Amino acid sequence: MALDFEKPLLELEAKIDELKRFTSEKGIDFTDEIILLEKKARDMKESIYGKLTPWQKVQIARHPARPNTLDYIKALFTDFLELHGDRLYGDDPAIIGGIARYKGTPVTVMGHLKGHNTKENVQRNFGQAHPEGFRKALRLMKQAEKFNRPIICFIDTAGAYCGMGAEERGQGEAIARNLMVMSTLQVPIISIVIGEGGSGGALALGVANRILMQEHTIFSVSSPEAAASILWKDGSKAQEAAETLKLTAQDLMRLGVIDEIIAEPLGGAHSDPGVAYARMDEALERNFKELLQIPKDELVATRYAKFRAMGQTG
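Note that the coordinates shown come from a computational prediction; the quantities given were computed from them, not determined experimentally.

Visitor: Describe the UniProt feature "domain: CoA carboxyltransferase C-terminal" (unreviewed entry) in the protein chain, listing the residues and the values that go with them.
Guide: Following the UniProt record, one finds the feature "domain: CoA carboxyltransferase C-terminal" (unreviewed entry) at residues 36-290. The distance from the first to the last C-alpha atom of residues 36-290 is 46 Å, and the span holds 45% helix and 19% strand.

Here is the structure:
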């Protein structure tokens, strides 16, 4: 999938590949031309990704090829055992969770799960959880506290599912209860935005001691399209809404909402997943080790103070 602002770069890279193929198959030496074009491509990539607009970051955050929660679980954790169901209604595939080991330490890991194609997205409801998804997450969090396991959450959702059935089963209550219980859990909690962090669906996994965001992700009270529909009664003004919402990792770091930005490879996490995994691992391990040294009562107190301080102007 090519984003509009990436097309000139992709066309140039295609030209480079064509010249390389000619050199290999026809024996014609295009080495000098290839070197020049590769430098031009590097310069173009640095120019494009060095000054992305908020709306372009929204597009990258939604890119279907971005590594999702399951990809990060497979890459960073061992012995993952998925657990299902909320013990009240059913299982929700839009949220995946279970127990695993991180650097040998038992943890509970969970997150919203989008697919990489239409079939997977339909199966996972595009990462938009029903109440049973949030209640499953809460069940796993309480279990983590019981067995003294740190909790790691990956956030990637446009928001909680807002269908009639979800509302009938108590969508708002499920999210609110997660917020309340997460604020009091006596184990370390790390939440990482790996794509789209939208509305209450994101917040339900976001009350953490440390909140990290990848460089080209977003975190907001509302999607740009929904905000445009509310503010201007015109969903087509989503690009303007993205500017207004201050939803990028850089905006939220300046506002004190998040604790760290995880750098992505040039071109976004989807352009080089291996580098994305390595940088995620470094940031996660560092924060993980720091939180393990903090006493339980202090974990709760500092988490509470962190969220109470948000929005203060000084």
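Visitor: Mind laying out the pairing of strand E5 (residues 189-198), listing which residues take part and the relevant values?
Guide: Burial runs high along E5: 10 of the 10 residues are buried. When strand E4 (residues 151-157) meets E5, the two strands line up parallel, connected through 6 bridges. Residue Ile155 lies in a different strand from E5, and its bridge partner there is Val193. Summarising the sheet, E5 and strand E6 (residues 210-214) pair through 4 bridges and their orientation is parallel. Directly across from Ile192, in E6, lies its bridge partner Leu212. Sheet topology places E5 next to strand E7 (residues 218-220); 3 bridges connect them, and they run parallel. Its bridge partner lying in E7, Glu196 is registered against Ile218.

Visitor: Kindly report on the domain arrangement of the protein chain, identifying the contributing residues and their values.
Guide: If you check the domain split of the protein chain, you get domain 1 (4-51) and domain 2 (57-309). Each of domain 1 and domain 2 has a C-alpha centre, and the two are 36 Å apart. Listed by partner, the interface residues are 5 residues for domain 1 and 7 residues for domain 2. With both sides pooled, the region where domain 1 packs onto domain 2 buries about 550 Å², and carbon together with sulfur makes up 68% of that total. Counting across the domain 1 and domain 2 interface gives 0 residue pairs in polar contact (both at pLDDT 80 or more).

Visitor: Describe the packing of aromatic side chains, naming the residues involved and giving the relevant values.
Guide: This structure, assessed with the given rule, holds 6 aromatic pairs. Where Tyr72 meets Phe154, the ring centres are 5.8 Å apart and the plane angle is 10 degrees; that geometry is what we call stacked. Placement of the pair is Tyr72 in helix H4 (residues 69-76) and Phe154 in strand E4, with a sequence separation of 82 residues. With respect to burial, Tyr72 and Phe154 carry one shared label: buried. Taken together, the ring pairs in this structure connect Tyr72, Phe77, Tyr102, Phe154, Tyr277 and Phe288 into an aromatic cluster. Between Arg169 and the ring centre of Tyr89, over which it is positioned, the NZ or CZ distance is 4.3 Å.

Visitor: Talk me through the nonpolar core; I want residue IDs and the actual numbers.
Guide: Met110, Met141, Ile151, Leu185 and Phe219 are the most contacted members of the largest nonpolar core, which has 26 residues in total. Broken down by secondary-structure element, the contributors of at least two residues to this core are helix H6 (131-146), E4, helix H8 (171-182), E5, E6 and helix H12 (249-254). Here this core gets 5 residues from one element, more than from any other, and that element is H6. Met110 has contacts with Thr69, Ile96, Gly97, Ala137, Leu140, Met141, Ile151, Ile152, Cys153, Phe154 and Leu205, leaving out every residue within four places of it along the chain. Residues Phe77, Tyr102, Phe154 and Phe288 belong to the second largest nonpolar core, which totals 25 residues.

Visitor: Go over the environment of Asp91 with me, naming the residues and quoting the values.
Guide: Here Asp91 lies in the loop between strand E1 (78-82) and strand E2 (95-102). As for Asp91 and Glu243, which are separated by 152 residues in sequence, their C-alpha atoms are 37 Å apart. Leaving out residues up to four positions away in the same chain, Asp91 has contacts with His84, Gly85, Glu132 and Lys136. Separated by 2.9 Å, the side chain of Asp91 and the backbone nitrogen of Gly85 make a polar contact.

Definitions and cut-offs
- Residues numbered from 1 in each chain as written.
- Predicted model: local features only at pLDDT ≥ 70, side-chain atom pairs only at ≥ 80, totals over all residues.
- Heavy atoms only, no water.
- UniProt positions renumbered as here; feature names shortened; annotations may be inferred.
- Helix = DSSP H or I, 4+ residues; strand = E, 2+ residues; numbered from the N terminus.
- Buried < 20%, exposed > 50% of the residue type's maximum accessible area, 1.4 Å probe, protein only.
- Pairing = 2+ DSSP bridges.
- Domains from an automatic or database assignment.
- Contact = heavy atoms within 4.5 Å.
- Buried area = accessible area lost by both parts, 1.4 Å probe.
- Polar contact = N/O pair within 3.5 Å; in protein donor to acceptor, adjacent residues only side chain to side chain.
- Phe/Tyr/Trp six-rings, centres within 6.5 Å; stacked < 30°, edge-to-face > 60°.
- Lys NZ or Arg CZ within 6 Å of the ring centre and 35° of its normal.
- Core = buried A, V, L, I, M, F, W, Y, C linked by side-chain atoms within 4.5 Å.

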